Each structure stands twice: as structure tokens, then as C-alpha cells.
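Read off the chains here:
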Amino acid sequence: MLEKITDPREVRRWEGGFPVGHRYTPGVAGAAFFAALRDRGVFLGSRCEACSYTYVPARLFCERCFAELAADTEVGPGGMLRSFTIGFTDLEGDELDEPVTVGLVQLEGADAVLLHRLVDTGDEPLEIGERVEAVLRPEGERTGSIHDVAGFRVMNDDAS
Ligand SMILES: [Zn+2]
């Protein structure tokens, strides 16, 4: 029976749950991205020459012009912090033991940004536009997931 609700005050609800399973597959380009990350410790993107735009992670097609793309453009591991936020609570609203900082990182050579943790943030306040670099898990410990990247840390200008 289909029931069309036109007045939101008529919506009914009932308590309970039902089992739903799911499996995420990254697709052809996503699999290439994760394999490159695991095996070579590099970030693979896809370049659309027509749009002058480099995606990361890699894509099979351009989201702007639908051109076929290849997972063949290495970007990073350095980049620029484009935005960030600090989380103090978990998804349930419970306070975290330690705040978690996440940022949008635009890797060198990429136009798209990656969302990931910021690590070793230190005492200095973060600033948008700062140079950051990927911190990868050691070779042999990487499994081909986004967790192969421990996070991004601010590059220390003094060390260069
Ligand atoms: Zn394009």
C-alpha cells in the first residue's frame, strides 16, 4: 500500500529497527587510488584537460563535462589547508576524550580537496592557507583504505 503524505503533521512513526547490511565498493578508479596509496604511498588523481581540473581521488569520468578520465595523475603529498574544523563531540553528542581536527586539503597538482584528519597540530593555531603534508602509515601496515593516511600535518618551514 502506498500512502502519500501531503501534510507533514500526518507523518507517523514507530519505534524499532530492522537489519540492513551494505557493502561499499570504491569502483575502478577508487580501487586504483587505494592500491597506489597502499603499494606506493602516492595519491592518484584524474586530470580533465578539457576542464583544466584535476580530481582526487581518481575518477572514471569528469563530473563537469562527462569526459572519460584515467587514474593516472599523481598529486601531493604536500598541499594547502583550505578549511578546517575542530570536533569536540561524537556523533551521539558525547564529549570526546580529545578533540578531533579535520581539514580540507588541496594537494599539490589537484583542484579538488580531500577531507581528512589533521595531526600533530601543536600549540600554534591553524591557519587557512598553511602548507600541509600527508602522514602515511608505514609501508607494510597499509591496507588500501583511506586510513593508510594517518592524517595531514602542518609543514614546518624551519625544517626545509
Ligand atoms: Zn571535464
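Structure first, text after, so check above.
Fair warning: this is a prediction, and the values are worked out from it, not measured in the lab.

Conventions we followed
- Residues numbered from 1 in each chain as written.
- Predicted model: local features only at pLDDT ≥ 70, side-chain atom pairs only at ≥ 80, totals over all residues.
- Heavy atoms only, no water.
- Donors = N, O, S within 2.8 Å, 3.2 Å for Na, K, Ca; no water.
- Tetrahedral: all angles 85-135°; square planar, octahedral: opposite > 155°, others 65-115°.
- Helix = DSSP H or I, 4+ residues; strand = E, 2+ residues; numbered from the N terminus.
- Buried < 20%, exposed > 50% of the residue type's maximum accessible area, 1.4 Å probe, protein only.
- Expected span 1.5 Å × (residues − 1).
- Arc of directions from axis to C-beta.
- Contact = heavy atoms within 4.5 Å.
- Pairing = 2+ DSSP bridges.
- Axes fitted to C-alpha atoms, helices over the stretch in contact; angles between N-to-C directions.

Student: With reference to specific residues and values, describe the coordination of the zinc ion.
Tutor: Looking at the metal site, the zinc ion is ligated by Cys 48 (SG), Cys 51 (SG), Cys 62 (SG) and Cys 65 (SG), spaced 2.3 to 2.4 Å from it. Classification of the site at the zinc ion as tetrahedral follows from its four donor atoms and the range of 105 to 114° in their angles at the metal. Positions of the donor residues of the zinc ion along the chain correspond to the pattern C-x2-C-x10-C-x2-C. Of this pair, Cys 51 sits in the loop between strand S1 (43-48) and strand S2 (53-55) while Cys 62 sits in the loop between S2 and strand S3 (73-75), and the two are eleven residues apart along the sequence. The exposure class of Cys 51 is partly exposed, given its relative accessible area of 27%. With relative accessibility at 0%, the residue Cys 62 sits in the buried group.

Student: So what's going on with helix H1 (residues 27-40)? Residues and values would help.
Tutor: Taking 1.5 Å per residue as the helical rise, H1 with its 14 residues ought to reach 20 Å, and the 19 Å between its terminal C-alpha atoms agrees with that figure. Among the residues of H1, those classed as buried are Ala 29, Gly 30, Phe 33, Phe 34, Ala 36 and Leu 37. Considered in projection along H1, the buried side chains sweep an arc of 155° and stay on one side of the axis. Check the buried side of H1 and you find it contacts S1, strand S7 (131-136) and strand S8 (149-154). Gly 41, located one to two residues past H1, shows a positive phi value of around 65°.

Student: Quick one: what's the story with the sheet that holds S8, residue by residue and with numbers?
Tutor: An order of S6-S5-S4-S7-S8 is seen for the five strands of this open sheet, with the pairing classed as antiparallel. Of all strands in the sheet, those with a lone pairing partner are strand S6 (114-117) and S8, marking the two edges. Mean inter-strand twist for the sheet, computed between neighbouring axes without regard to direction, equals 40°. In this sheet, S8 lies alongside S7 in antiparallel orientation, the contact comprising five bridges. Pairing of Ala 134 across the sheet is with Phe 152, part of S8.

Student: Tell me what's going on with the sheet that holds S3, and back it up with residues and numbers.
Tutor: Note: strands within a sheet are paired through backbone hydrogen bonds, in either parallel or antiparallel orientation. What the three strands build is an open sheet, ordered S2-S1-S3; its pairing is antiparallel. A strand with exactly one partner marks an edge of an open sheet, and here the two such strands are S2 and S3. Between one strand axis and the next, the sheet turns by 45° as a mean value, whatever way the strands run. Bridge count for S1 against S2 is three bridges, and the pairing is antiparallel. By the bridge assignment, Cys 48 is partnered in S2 with Tyr 53. Strand contacts of H1: S1 and S3, with the helix running at about 140° to S1, the strand carrying the most contacts.

Student: Describe unusual backbone geometry, with residues and values.
Tutor: Of the consecutive residues Val 56 and Pro 57, the connecting peptide bond is found in the cis state with omega at -5°. Assignment of secondary structure puts Pro 57 in the loop between S2 and S3. Following Gly 76, the chain continues into Pro 77 via a peptide bond in cis, with omega recorded as 5°. Within the secondary structure, Pro 77 sits in the loop between S3 and strand S4 (78-89). Phi is positive for Ser 52, close to 50°, though the residue is something other than glycine.

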